Amino acid sequence: MDYALNDEQNMLVETSLALGGEFGPDYWREKDDGGEYPTEFFKAMGKHGFYSLGLPEEHGGTPAGITEIALAMEALCRGGAGGGPALGYLFGTLGANIIKSHGNAAQLAEYMPEMAKGKKMCAFGLSEPDAGTNTLNIKTYARRDGGDYVINGAKWYSTNIERSDAIVLVARTTKLENAERRSDGISLFLIDLPNPGITYTPIEKHGFRYYKSNSVFLDNVRIPASNLIGKEGAGFGQLLGTLNPERILVAAGAIGVGRLAIKTAVDYANDRSVFGQPIGGHQAVQHPLAAAYAKLESAWDTVKRAAWMLDGGAPSVAVGSVSNMAKYLAVEAAIEACSAAVQTHGGNGYAREYHVERWLRETQLFRLAPVTQQMTLNFIGEHVLGMPRSY
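Residues numbered from 1 in each chain as written. Predicted model: local features only at pLDDT ≥ 70, side-chain atom pairs only at ≥ 80, totals over all residues. Heavy atoms only, no water.

A. Here's a closer look at the environment of Y210. Of note, Y210 is situated in the loop between β6 (198-203) and β7 (213-224). Considered as a pair, Y210 and G84 are 126 residues apart in the sequence and their alpha carbons are 8.5 Å apart. Other than its neighbours up to four places away in sequence, Y210 contacts W28, K31, D32, G35, E36, Y37, P38, G83, G84 and E362. At 3.4 Å, the side chain of Y210 and the backbone nitrogen of G84 are in polar contact. (Helix = DSSP H or I, 4+ residues; strand = E, 2+ residues; numbered from the N terminus. Contact = heavy atoms within 4.5 Å. Polar contact = N/O pair within 3.5 Å; in protein donor to acceptor, adjacent residues only side chain to side chain.)

Following this line, the structure appears as structure tokens:
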């Protein structure tokens, strides 16, 4: 396998690095301190065509695979934006790609052109208070009523819903106790926002304060049956197609943040002098950064391999095996890199103005979302090592 980038990919990386630098660490610190949405960044993302990557050409999309999107994700983060693109870009593409893969002709025609320009954003409503990682346990219920569905239930950690024009909502159309199989009876719906039956409340978080993650409440939300995405009851299978891409993209973003943290720490260590010499001349400072860097680069190779396999049409389980390894390795390496960067800065590492503490807070989220590290290890244990299912 050849991971050498072609001219178009190199140009994409350079554009992404430049945009990440234009919206650099100071921009994101101000947004985080004020809990302010990064409107300017997302407008620039749309202007430069990032949201068009991988969407249908006939609806304004640009031909691209997960490899190109991962390259862009990593470079945006590494260029100076830190964790901002890793979460925002990911959630900006999830809904669009579900519509692309499973939407009908009318849905594609209505939503894709504006999404490709970044002028329409789509939130995602999956996780619930009593379900969490166990998607099959969701209780939000869509009842058929003539030519409509009426939806009641609740979601949580739905990010940027207040900034979105629509939401891809996951709900049961057959209650769990009535389903032949646990995975049956789950359906996807595309709902325009705002909607009078949908309310939400922000959840205070440890990091990413510029993105609001919300508890969402659905009270007799009536929508036409035409808002169904794909076939009723087939939603779980449709969701499975999002799992490998989201793992690859989170891993790519984590690598970018980790590389940014390492570069920032190296620059600081080479400039900061204590007792007459730069602190970077001490092995106690060098070694943690060197070890984290080695792990980041190894993880990046695994990310690229997973993307190459997905784009090449490898079997889903094979792609899933490498994607889960990539996500696990990249996130752990990124957290180690950010932690070493904080330590390298000494007391300044705890100060907001030096940024590294924010990147450490942001990478910690990737241990938990969009899937926990434990679930990646569960997949590896069962599907790679051949051990009994453990959950």
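Moving on, there is more to tell.
B. Expanded view of the state of the cysteines. According to the stated counting rule, one finds 0 disulfides in the structure shown. Just so you know, C338 is unpaired, no disulfide at all, and the nearest cysteine sulfur is the one on C77, 11 Å from it. (Disulfide = S-S within 2.5 Å.)

C. Structural detail: helix α1 (residues 7-22). End to end, α1 covers 22 Å across 16 residues, agreeing with the expected 22 Å (1.5 Å per residue, within 8%). Where the residues of α1 are buried, they touch α3 (39-47) and α4 (66-81). By the N-cap criterion, in which a side-chain oxygen at the helix start approaches the backbone nitrogen of a residue two or three places on, α1 is capped by N6, the distance to E8 being 3.1 Å. (Expected span 1.5 Å × (residues − 1).)

D. Geometry of helix α11 (residues 373-384). With 12 residues, α11 ought to run about 16 Å at 1.5 Å a step, and its terminal C-alpha atoms sit 16 Å apart, in line with that. Those residues of α11 hidden inside the fold are in contact with α9 (316-344). In the stretch just after α11, G386 is the one whose phi turns positive, near 75°.

E. Spotlight on the pattern of salt bridges. Summed over all chains, the structure comprises 21 salt bridges. Here E332 and R367 are joined by a salt bridge, their closest N and O atoms 2.8 Å apart. Here R367 lies in the loop between α10 (356-365) and α11 and E332 lies in helix α9, a separation of 35 residues in the sequence. A relative accessible area of 22% means that E332 is categorised as partly exposed. When the shortest N-O distance is used, the salt bridge between E357 and R361 registers 2.9 Å. Taken together, the residues E357 and R361, both in helix α10 and 4 residues apart, mark about one turn of the helix. A relative accessible area of 10% means that R361 is categorised as buried. Where salt bridges share partners, they join D32, D33, R352, E357 and R361 into one cluster. (Salt bridge = Lys/Arg side-chain N within 4 Å of Asp/Glu carboxyl O. Buried < 20%, exposed > 50% of the residue type's maximum accessible area, 1.4 Å probe, protein only.)

F. Representation of the side chain of T363. Structurally, the position occupied by T363 is in helix α10. The contact partners of T363, leaving out residues within four places of it in the chain, are V257, V331, A334, I335 and C338.

G. Structural view of the pairing of β7. Looking at chain direction, strand β3 (residues 148-159) and β7 are connected through 9 bridges and run antiparallel. By the bridge assignment, I151 is partnered in β7 with V221. (Pairing = 2+ DSSP bridges.)

H. The nonpolar core, seen in detail. F50, Y89 and V303 are the most contacted members of the largest nonpolar core, which has 94 residues in total. In contact with V303, not counting residues within four places along its chain, are I248, A251, A252, I255, A326 and A330. Counting residues in hydrophobic clusters, the runner-up holds 17 residues, among them A123, I167, L169 and L228. (Core = buried A, V, L, I, M, F, W, Y, C linked by side-chain atoms within 4.5 Å.)

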